[in-house]
Amino acid sequence: MKTLSSVFKRITSFRLFLPLLCLALVLIVNLIQTPSFFEITIQNGVFYGFIIDILNLSSRLIIMAVGMTLVVASSGGTDISVGAVSALAGAVCVAVLGTGESYQMPYYVSILLALLIGVICGAMNGFLVSYMKVQPMVATLILLTAGRGIAQLVTGSFILYVKPAEFGYLGAFLPGVPIPTPCFVAIFVVLVTWLILKKTAFGMYIESIGINRKASRLVGLNSKLIMFLTYVFCGVCAACAGLISVSRTSSIDANNVGKYAELDAILAVAIGGNSLAGGKFSLMGSVIGAITIQALTTTLYAMHVSADQLPLYKAVVVIIIVALQSPVLIKWVRSFTGNFLPAKVAKEAN
Amino acid sequence: MASGREILTMRHISKNFLGVRALNNVDFTLREGEIHALMGENGAGKSTLIKVLTGAEEFESGEIRITGIPRPIINRSPQEAQQNGISTVYQEVNLCPNLSVAENLFLGREPKRLGTIDWKTMNKKAVEAFAAMDIDIDVTLNLENYSVAIQQMVAIARAVEISSRVLILDEPTSSLDDSEVNKLFSIMRKLSKSGIGIIFVTHFIEQVYEVCNRITVLRNGELVGDYDVESLPRLQLVAKMLGKDFDDLAEVKREGSDNTSDDTEVVIEAESLKSTSRIRPFDLAVNRGDVIGLSGLLGSGRSELARAIYGADAAKGGRLKMKGKPLNIHKPLDAMKAGMAFLPENRKEEGIIADLSVRENIILALQARKGAFRQLSRKEQEELTDRYIDILKIKTSSRDTPVKQLSGGNQQKVILARWLLTNPDFLILDEPTRGIDVGTKAEIQKLIVNLSDQGKTVMFISSEIEEMLRTCNRMIVMRDCVKISELNGTDITQDNIMKAIAGGGVE
C-alpha cells in the first residue's frame, strides 16, 4: 500500500502526467468507438491509417507550437501572427518557384527565402515587443492582418499551383520512404530546439527572463535580446510550417494556409501544461499538446462528425482538457487523496 | 491597557508544510487595545501563523476564536478574514502601483453613486483618512509615484479604513526611516486606544520595547512563551528567540581603522558620475579591502549611488575607473565583467527568480557572465551549488527546490551565493539584512568582514546604523541625493553620522 501510494504520487507529480493523460483519454475513446482506429496498413508502399494521419497532420502544429512555447516562456505573451506568417512564407516560396513546368529558381533558394521571410517577420514582432515594449498581442496583431495582405500581393490574389511533382515531397512522402516527410521535419525541429536548450544556457535564460525580467537584467542577462530571439525563432518555425502546407497541396491559397493555426498553437502550449504567463516551460509538453489537438480532430472525423460542427465538439473537449489541468481542480482532487491516502499509510506505520 | 478582554485566541494550531512541521500546537492570545509583538527567527513560524490566521494558508488542527462570533472561525481567504475583522499589512506592499492612492485605499469598497464610482467623495474621504495620520499627499496621483515608505503608509491606512478588530502589521517598519517609524507608532498607539488589537511582527527588537505591551516568542514552529514586555529584558528575549545565550552579534567587530593606510590600491574611482536617477553627480574613491558604508535617510540617494556604479540605472555622464582602468558601463553585464557584483535592495522584485531552483538561482550570474554557449555542466552546477549551500548554511530541502519556497533569509543567502560564485572584487550589498532574522544578520555581517579581510571591497547599505558601525571602515553620508560627507576610521560614530545627516557635516 505504502509503495503503491508513493508510486501513484510520483507518477501524478510528473510534469507531463496531465498532458499525457489527456492524450491517452482521447485515444482510449477511439479504441472503444472506432476499433479500426489503430490499424496501420501499407498502401502504395507507404503507411496508412488514422495514427499515421495524426502524426502527419500534427507535424505542422508541433513546429509552430515549439516556436510559440519559447515566445510564451520569455515574454508571457503570445505570437498571434504565426498563421499569417506561414501563409506569407508559403506564398513567397511558390512565387519564387513559379507556375511553369519546371522551377524558375533552384528549390533550395525558395526554401531559404521562405525561412528568411520567417526571420524578418519574427524580427519585426520581436522588435516591437522587446525593444518598443508593445503588448505582444497588439504587436503581432499587425502581422496577423498585414501578413495575409502581403501574401495576396505576392500571389496577385490567385491560388497558384506548382507543377513539378517533387514539390509535393515535403508535405507528403519522399519516394521509397513509407513515413510522411512532415514527421521528419517536426522531429528535426524539435530535436534541434531541444539540443539548443539543453546544450546552451538559453533554456535557463528564457525561463529566467520570463519569470523576473528586472532581476535577470541585474544578473547580466540581455533580456531584450533574448526575448527578441525567441520571436525570430517563432517566425522561422511558422515559415517552416508554411512550407509544409504549400507542399501538401502543391499550391498556395493565401487566404486559407495556416488559418486559425495561431489559436491551435497557443492551445497546444496550454494543453502541454505550460503557463501562458511565461517562465518555466516544457517543450515536450507542447509537442504532446499539439498531437492531442490533432488526435482530437482526427477522432471526430473518424466518428463522422461533419467539418462544420467540428469546432463545437472540439471546444467541448478542449474545455474538459483545460479544466483537468486547472490548479483549482488539482488542489481539490489532492485534498481528497491527501485526506485518505496518508491516513492509511499512518495506520500501517503504527 | 493590557488588561482588556481577549479578542482573539488561537489554540493548539498545527500545520505541516511540505512535510515539515511549520507550526506545532501553538497558542496565541490577543487582548483588546494591546500591541502584541510576535517574535522569532526566520523559519520560527511567525509568517505561517499569520498566514493561517488570515486565511492565506490552511491549518490542520486547532481552533481560532474571535469575540463577537460564537463559534470557532476558519478563514479560507484574506477576504473572509477581513469580514471577520482581521486585516493585514504585509512586509512587501501588496497594492496596485498603477492606481491612484485613493483607489488603492478604497479598492473593492469604492463609494458609489448611481452605480458608478463617486470619485469626488472617494478622494475627499481619502484625504481625510490620510489627514488623520498626518500625511499630506496628493491622493489622485498613482501610487507608483510615491516612495516605498508612503506606499506602506497607504497600505496601513487601507487596513485601518477597513474597520477591523485585529490589525496585523507584518514587518511594517523595514522600509521606513526613523521619523516615519515614529509616525507609525503614534498611529498604532492611537488605534490601540480605540480598542483594536495589533499584532506586530518585526525583527527590530528596539521597536518592540518602544511600542509593544506583550511579546509572544516562537521558535522552530513551537510556542516558547507569552510575556509582558516589562518582565522580559532584551537579552532574555534574544536568548529565547535563539534558544541559547547569544553574543555572536557582539563578536563581529572590526579591529579599527588601521588598515586604511597599508593598502591603498584604488579599486573604484568615480568622477562626477551621473545616472538616469535623480541623484546628483558624485565623486568617489574606494580602496581595496574597504568596507564602505552608505548612510542616510530613506530616499537620500543611497541606493541610487550604488546603482549608478553598477549600471543598474544607466549612466548619463561622468567617468568611472576600476583599478585605474576606465570603464564604460552600459548595462549590468559590463559591470559584472569588470568584477562587480550587486545585491539589490528589493529581493522579491529584483533579486530572486522565484520559480527557478536554488541551483539555477545560484549559478545564474556566473552562467550569464560566461555566455549562453559555454554552459556549466550539470555536475559543475551541482558541485558549486552544494559548496555554497554548505558555506552559507542555506536551509533548503534540496538544491532543486524552487527558491520561492525558502524563507527570506535563505533566499538572501542564495543571492549572496550567486554573487560570491562570480568571485567579484567589488560587491555592492544594498540592504542585505532587511527582513532577516538576527542569526542570519550576524552571519552576513561576519561574511562582509571576512570578504574585506580577503582583499575584496564591499559597499554596504543598511538602514541600521549599528550594523554599519560594526562592519564599515569608511562611511559616506547622503542627504537629498547629494553625497555630503565622508567619515573614516574612528570618526565613524553614531553622533557624527547623525550630525552629517542633520546638516553641517563634520569638517
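Scroll up for the structure.
Within each chain, residue numbers correspond to sequence positions counted from 1 in written order. Labels are handed out in written order, letters beginning with A for the chains and numbers beginning with 1 for the ligands. Local features in this predicted model are restricted to residues whose pLDDT is 70 or higher, and side-chain atom pairs enter the listing and the counts only when it is 80 or higher, whereas totals over whole chains, interfaces and linings include all residues.

1. Description of the overall build of chain A
Helix and strand assignments come from DSSP, with helices taken as H or I runs of at least 4 residues and strands as E runs of at least 2, each series counted from the N terminus. Along the backbone of chain A there are 14 helices and four strands. Referenced to the eigenvectors of the C-alpha coordinate spread, the extents of chain A come out at roughly 80 × 55 × 35 Å. Any residue whose C-beta has 12 or fewer other C-beta atoms within 10 Å is treated as exposed, any with 20 or more as buried, and any in between as partly exposed, C-beta atoms being built from the backbone. Within the span of chain A, comprising 350 residues, buried residues form 46% of the whole. By definition, residue pairs are in contact when their C-beta atoms, positioned from the backbone, come within 7 Å. Expressed as a percentage of contacts within chain A between residues at least 6 apart in sequence, the contacts between residues at least 24 apart total 76%.

2. Describing the interface of chain A and chain B
Contact residues are listed per partner, giving 21 residues for chain A and 24 residues for chain B. Only α8 (202-211) and α9 (213-218) of chain A provide two or more residues apiece to the side of chain A that touches chain B. Tallying contributions element by element places α8 of chain A first for the side of chain A that touches chain B, with six residues.

3. Topic: the sheet that holds strand β19 (residues 457-461) of chain B
Residue and element names in this part refer to chain B. By this definition, two strands are paired if DSSP reports at least two bridges between them. The six strands are arranged β17-β18-β19-β14-β20-β21 in an open sheet whose pairing can be described as mixed. Looking at which strands have only one partner, the edges of the open sheet turn out to be β17 (340-343) and β21 (482-488). Along the sheet, successive strands turn relative to each other by an average axial angle of 15°, direction set aside. As defined by bridge partners, strand β14 (residues 291-295) adjoins strand β20 (residues 474-479) across four bridges and the pair is classed as parallel. Lines fitted to C-alpha atoms define the axes here, with helix axes fitted over just the stretch in contact, and angles between the N-to-C directions of these axes take values from 0 to 180 degrees.

4. Some thoughts on the packing of α8 of chain A against helix α10 (residues 223-249) of chain A
Residues and elements named next belong to chain A. Axis separation between α8 and α10 bottoms out at 10 Å; the angle between their running directions is 110°. By the angle class used here, α8 and α10 are roughly perpendicular. In this structure, the crossing between α8 and α10 has a hand that is left-handed. Residues Tyr205, Ile206 and Ile209 of α8 pack against Ser223, Ile226, Met227 and Thr230 of α10. Gly is put with the polar residues, along with every residue not named as nonpolar or charged; the nonpolar set is Ala, Val, Leu, Ile, Met, Phe, Trp, Tyr, Cys and Pro, and the charged set is Asp, Glu, Lys and Arg. Considered class by class, the residues forming the contact of α8 with α10 number five nonpolar, two polar and no charged. Should an angle fall under 35 degrees it is taken as roughly parallel, and over 145 as roughly antiparallel, whereas 65 to 115 is taken as roughly perpendicular and any remaining angle as oblique. Crossings are classed by handedness, with left-handed meaning an anticlockwise turn of the near helix from the far one by less than a right angle and right-handed meaning a clockwise turn.

5. Considerations on the environment of Arg307 of chain B
Residue and element names in this part refer to chain B. Within the fold, Arg307 resides in helix α11 (residues 302-310). The exposure class of Arg307 is buried, given the 24 C-beta atoms found within 10 Å. Taking the C-alpha atoms as reference, Arg307 lies 19 Å from Ile353; in sequence the two are 46 residues apart. Excluding residues within four positions of it along the chain, Arg307 makes contact with Ser275, Ser277, Ala312 and Asp313.

6. A look at helix α14 (residues 358-370) of chain B
For a helix, the expected span equals 1.5 Å multiplied by the residue count minus one. The end-to-end C-alpha separation of α14 of chain B is 19 Å, in line with the 18 Å expected for 13 residues at 1.5 Å each. Of all 13 residues that make up α14 of chain B, eleven are buried, and the element is covered over most of its length. Inspection of α14 of chain B places Val358, Arg359, Glu360, Asn361, Ile362, Ile363, Leu364, Ala365, Leu366, Gln367 and Ala368 of chain B among the buried residues, and these make up the whole buried set. Residues of α14 of chain B that are buried sit in contact with α8 of chain A together with α12 (332-337), α15 (378-391) and α16 (408-420) of chain B. At the exit of α14 of chain B stands Gly371 of chain B, carrying a positive phi of roughly 100°.

7. What to know about the nonpolar core
If you look at the biggest cluster of nonpolar residues, it comprises 170 residues, and the most contacted ones within it are Met64, Ala65 and Cys237 of chain A together with Ile428 of chain B. A total of 17 residues in this core trace back to one element, the largest contributor, which is α10 of chain A. Non-local contacts of Met64 of chain A, meaning those with residues more than four positions away in its chain, are made with Val82, Cys237, Ala238, Ala241, Ala261 and Ala265 of chain A. Core analysis: the next-biggest nonpolar cluster, separate from the first, contains 70 residues, Met122, Met188, Val238 and Met241 of chain B among them. Put simply, a nonpolar core is buried Ala, Val, Leu, Ile, Met, Phe, Trp, Tyr and Cys residues tied into one set by C-beta atoms within 7 Å.

8. Overview of the packing of α14 of chain B against α16 of chain B
The angle between the axes and the distance between the axes are what describe a pair of packed helices. All names here are of chain B. Running from N to C, α14 and α16 point in directions that differ by 35°, and their axes come no closer than 6 Å. For the pair α14 and α16, the crossing hand works out as right-handed. For the pair formed by α14 and α16, the contact residues are Val358, Asn361, Ile362, Leu364 and Ala365 on the first element and Val414, Ala417, Arg418 and Trp419 on the second. Looking at the contact of α14 with α16 residue by residue, the class counts come to seven nonpolar, one polar and one charged.

9. Notes on unusual backbone geometry
Glycine aside, a negative phi is what most residues show, and trans is what most peptide bonds show. Its identity as a non-glycine residue notwithstanding, Ser157 of chain A has a phi of 60°, on the positive side. Relative to the assigned elements, Ser157 of chain A resides in the loop between α6 (136-155) and β3 (160-161). Phi angles above zero are rare outside glycine, and Leu114 of chain B is one such case at about 55°. Within the secondary structure layout, Leu114 of chain B lies in the loop between β6 (112-113) and β7 (116-117).

10. Details of the sheet that holds strand β13 (residues 282-287) of chain B
All names here are of chain B. Strand order across the open sheet formed by four strands is β13-β12-β15-β16, with antiparallel pairing between neighbours. Strands with a single pairing partner mark the edges of an open sheet, and in this sheet they are β13 and β16 (325-327). Geometrically, the sheet is characterised by an average inter-axis angle of 15° between neighbouring strands, direction not taken into account. The pairing of strand β12 (residues 266-275) with strand β15 (residues 315-322) spans six bridges and is classified as antiparallel. Note that in β15 the partner of Glu271 across the bridge is Arg319. Lying on the sheet, α11 is in contact with β12, β13 and β15; it crosses β12 at an angle near 105°.

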